[in-house]
Amino acid sequence: MSIVTVQLGQCGNQIGFEVFDALFRDSHCSQGLCSKRENEAYQASCKERFFREEENGVPVARAVLVDMEPKVINQTLSKAAQSGRWKYGQHTSFCQKQGSGNNWAYGYSVHGPKHEESIMNLIQTEVEKCDSLSGFFILMSMAGGTGSGLGAFITQKLQDQYSSSLKTNQIIWPYGTGEVIVQNYNSILTLSHLYRSSDALLIHENDAIHKICAKRMNIKQISFRDLNRVLAHQLGSVLQPVYSEDSSSHYRRNPLGDLMEHLVPHPEFKMLGVRNIPQMSAESLAYNTFTWAGLLKHLRQMLISSAKMEEVMSTILMRILERTRAESQGLQMEEGGDRIAPEGSAVELGYRLAGAAPLSGLPPIGKASAHKDPHFNTSLANLVILRGKEVHGADVDALPPSSLWSRVDLLTAILSGRLRSILFLSSSLTTGFKDPALYTSWLEPVDAFSVWKTQRAFDKYEKSAALVSNSQLLVKPLDMIVGKAWNMFSSKAYIHQYTKFGMEEEDFLDSFTLLEQVVASYGSL
Ligand SMILES: Nc1nc2c(ncn2[C@@H]2O[C@H](COP(=O)(O)OP(=O)(O)OP(=O)(O)O)[C@@H](O)[C@H]2O)c(=O)[nH]1
């Protein structure tokens with residue numbers, strides 16, 4: 001079955017190019033470490049999913065490109081054509097002369113209705129070229145204007161027009177430092193709208209990807225292109241063909257359906273995060289060898305410790321700086337000089353840490369995110385995908401105790417007070433990813449955890465492991481974004497920029513309500 005990808009805005013188009021390039025390069029690389037027959041089957045399956053054949057034999061991406069400015073689309077089309085490996089179709093892009101100026105309302109309420117017909121026609125033409133449609137993969141940022149606003153609009157239209165096809169949105173969470181003052185408004189509007197019309201949100205945080213570029217890839221001057229390559233690798237490690245459970249010679253046929261079946265057991269929970277290892281520079285890779293036990297140990301550690309405190313803290317500090325900057329520019333973000341932050345939210349915590357005055361003013365929001373233990377990450381569903389040499393010997397059920405919890409880990413955990421994690425780990429040295437303590441009580445681990453394996457190696461890695469997780473990992477960043485947007489909304493800052501394009505304050509309130517519910521639902525796992 002095939003996937004039609006819709007790339008929207010600067011971010012969606014730039015990432016889209018890297019994803020198709022990564023998929024193509026991997027499926028044609030000579031280091032698949034498997035038989036020729038197997039490699040051919042893998043290539044054919046990848047092609048069926050993401051590419052169609054054109055008359056001259058050059059594979060064409062099953063994609064539609066949309067932006068309101070021509071520059072990025074032109075660059076994307078020509079980069080693909082110049083690669084000589086694959087290209088985009090001739091009449092698969094739509095662009096205009098003027099972007100959305102980072103205004104979600106402009107993308108959603110102006111560009112959306114105006115260009116709906118043209119964009120939906122392009123998508124329909126692409127759908128008609130698929131023998132069998134698995135669904136739509138929609139790439140966009142959460143915080144700009146076109147990708148986020150128009151992307152939310154188009155996802156809604158896809159839901160109306162193709163209600164029985166799956167829609168997965170890959171969305172980019174903005175840097176916490178804040179590139180644009182209204183990014184939190186755009187973000188909550190995007191998330192709340194997608195929550196209504198999409199089946200799953202595959203979320204990547206720019207901060208987290210940036211960190212991978214700096215620490216694991218050892219890149220000094222990090223560009224969007226670097227970020228996008230890391231992202232494309234992560235997405236490829238999830239989306240490339242994998243054997244089905246009942247057969248180790250046939251690839252799964254329904255890529256989006258299979259993901260959804262294993263990861264989204266309830267429509268209230270549709271935020272998915274991706275982790276994968278190893279991901280490192282070619283130089284480092286040459287000096288490293290990996291065992292399945294070691295890779296699984298690290299993947300499991302990434303899952304159980306939310307370990308996001310430093311990111312949270314830096315975001316809080318940036319928020320305080322942002323606020324100071326806004327105030328010095330005469331922007332009254334909060335009434336009467338009172339510090340108004342959602343009680344229990346990270347912003348409030350930031351004020352407390354900064355020694356600020358007690359809170360006042362607003363009804364609490366995001367309260368439900370007061371987790372039992374802020375360091376522990378409970379999952380609803382996890383999927384581990386293993387690719388490479390001797391994969392059938394990789395045991396996800398029983399990790400050797402020595403590989404689970406090193407002394408350094410233990411010391412770090414004790415120092416950081418992760419008591420529940422320590423107790424949990426010490427009681428579960430042999431239960432791997434199927435430990436009931438990892439999951440919410442209303443799902444049996446056997447239903448909540450899946451593992452897919454394939455011996456065909458991915459990219460340049462002899463062995464690699466990816467984890468797609470529907471868990472509490474994103475609750476903290478979500479709570480922060482909702483809290484920041486609420487702070488601005490309470491003083492009506494910049495609201496006129498949205499209402500002048502037809503939005504109402506009620507729309508914001510609906511978004512807050514929906515996302516509060518999401519935070520509360522994940523918080524109660
Ligand atoms: N990872 C990644 N993030 C990007 C890229 N380009 C932009 N972003 C992020 O996307 C957000 C801005 O969205 P854009 O896609 O640039 O905006 P747009 O959708 O084109 O909307 P307008 O510019 O308002 O027309 C910010 O959070 C950026 O950090 C990219 O190539 N890669």
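Here the structure is a predicted model, which means the values were calculated and not measured. (Residues numbered from 1 in each chain as written. Predicted model: local features only at pLDDT ≥ 70, side-chain atom pairs only at ≥ 80, totals over all residues.)

Some words on the overall build of the protein
Part 1 of the reasoning: Summing up its helical and strand segments, the protein has 20 helices and 13 strands in all.
Part 2 of the reasoning: Relative to its full complement of 525 residues, the protein shows a buried share of 49%.
Part 3 of the reasoning: Within the protein, contacts between residues at least 6 apart in sequence are counted, and of these 82% link residues at least 24 apart. (Helix = DSSP H or I, 4+ residues; strand = E, 2+ residues; numbered from the N terminus. Buried ≥ 20, exposed ≤ 12 C-beta atoms within 10 Å, placed from the backbone. Contact = placed C-beta atoms within 7 Å.)

Quick look at the packing of helix α1 (residues 9-27) against helix α5 (residues 146-161)
Part 1 of the reasoning: The N-to-C vectors of α1 and α5 enclose an angle of 85°; their axes lie 6 Å apart at closest approach. Considering their axes alone, α1 and α5 lie roughly perpendicular with respect to each other. Note on element contacts: α5 touches α1 through T146, G147 and G151, opposite G9, C11 and G12. (Axes fitted to C-alpha atoms, helices over the stretch in contact; angles between N-to-C directions. Parallel < 35°, antiparallel > 145°, perpendicular 65-115°, else oblique.)

Concerning the confidence of the model for the protein
Part 1 of the reasoning: Taken residue by residue, the protein gives an average pLDDT of 82. The fraction at 70 or more is 78%.
Part 2 of the reasoning: Residue range residues 307-320 is modelled with pLDDT below 50. Its contacts to residues more than four positions away, or to other chains, number 21 contacts.
Part 3 of the reasoning: Across residues 400-405, where pLDDT falls below 50, the model places 12 contacts with residues more than four positions away in sequence or in other chains.
Part 4 of the reasoning: This prediction of the complex comes with two scores: 0.83 for pTM and 0.98 for ipTM. (pLDDT = per-residue confidence, 0-100.)

Thoughts on the sheet that holds strand β5 (residues 87-88)
Part 1 of the reasoning: Spatially, β2-β3-β5 is the arrangement adopted by the three strands of the open sheet, whose pairing is mixed. Two strands bound the open sheet, and with one partner strand each, they are β2 (51-53) and β5.
Part 2 of the reasoning: Relative to strand β3 (residues 59-61), β2 is paired through three bridges, and the arrangement is antiparallel. Within β3, the position partnered with E53 by the bridge is P59. (Pairing = 2+ DSSP bridges.)

Focus: unusual backbone geometry
Part 1 of the reasoning: The linkage connecting I277 with the following residue, P278, adopts the cis geometry, with an omega of -10°.
Part 2 of the reasoning: By the element assignment, P278 lies in the loop between β10 (271-277) and α10 (282-286).
Part 3 of the reasoning: Here the phi dihedral of K492 falls at roughly 60°; this positive angle occurs in a residue that is not glycine.
Part 4 of the reasoning: Among the structural elements, K492 can be located in the loop between α18 (475-490) and α19 (496-499).
Part 5 of the reasoning: Judged by the 13 C-beta atoms lying within 10 Å of it, K492 is partly exposed.

Description of the pairing of strand β11 (residues 379-388)
Part 1 of the reasoning: With 10 of 10 residues buried, β11 lies mostly within the body of the structure.
Part 2 of the reasoning: One ladder, built from nine bridges, connects β11 with strand β13 (residues 463-471); its direction is antiparallel. Counterpart to N382 in the pairing with β13 is S469.
Part 3 of the reasoning: Here six bridges tie β11 to strand β12 (residues 449-454), and the two strands are oriented parallel to one another. Of the residues in β12, the one forming a bridge with R387 is T454.

Focus on the environment of K463
Part 1 of the reasoning: For K463, the position within the fold is in strand β13.
Part 2 of the reasoning: Of the residues examined, K463 has 23 C-beta atoms within 10 Å and is grouped as buried.

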